[in-house]
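Take a look at the letters that make up each chain.
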Amino acid sequence: MIRRILGKRFYCLPDQSAPDRDIAALEKRRCNAIIARLCRFERGIDAFAGVGVSARYWSACTKELYLVENRAVALRLLKRNLPAIARHRCRVHLVPGTAREFLEQAASQGSC
């Protein structure tokens, strides 16, 4: 399933709520757009990245973005969506695994 997010094509999962039709998803996108327009961050973490819809917004306001996803099917689509997520001022890292694993590892290495 393909959807357009901020003018870019995104490969989506059929079980995912439609990011362009579901009211909660639309509200989340509006909030993401406001934050991305008004804020700047050194690092960002999308702890449940899914296929990367939110990452498209976050890549506009972070210098370094970590996309954490545990589901293999979502991770495959997330990799396919990287060209739509990437921006020249943001370094994107794909992190296979759970948010907890990522945060525990980062904390043990003193990375956060």
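Every value quoted in this text rests on a predicted model; they were computed, and no experiment measured them. (Residues numbered from 1 in each chain as written. Predicted model: local features only at pLDDT ≥ 70, side-chain atom pairs only at ≥ 80, totals over all residues. Heavy atoms only, no water.)

Trainee: Even after reading the chapter, I still don't get the sheet that holds strand 4 (residues 62-69), so can you show me in this structure?
Mentor: Where strands meet in a sheet, backbone hydrogen bonds hold them as pairs that are either parallel or antiparallel. The strand order across the open sheet built from three strands is 3-4-5, with neighbouring strands paired in parallel fashion. This sheet does not close on itself; its edge strands, each paired only once, are strand 3 (41-46) and strand 5 (91-96). Each strand of the sheet is rotated relative to its neighbour by a mean of 15 degrees, with strand direction disregarded. Summarising the sheet, strand 3 and strand 4 pair through five bridges and their orientation is parallel. Note that in strand 4 the partner of F41 across the bridge is T62. Where helix 3 (residues 72-85) meets the sheet, it contacts strand 4 and strand 5, and its direction lies at approximately 175 degrees from that of strand 5. In this fold helix 4 (residues 99-109) packs onto strand 3, strand 4 and strand 5, with an angle of close to 130 degrees to the strand it touches most, strand 4. (Pairing = 2+ DSSP bridges. Helix = DSSP H or I, 4+ residues; strand = E, 2+ residues; numbered from the N terminus. Axes fitted to C-alpha atoms, helices over the stretch in contact; angles between N-to-C directions. Contact = heavy atoms within 4.5 Å.)

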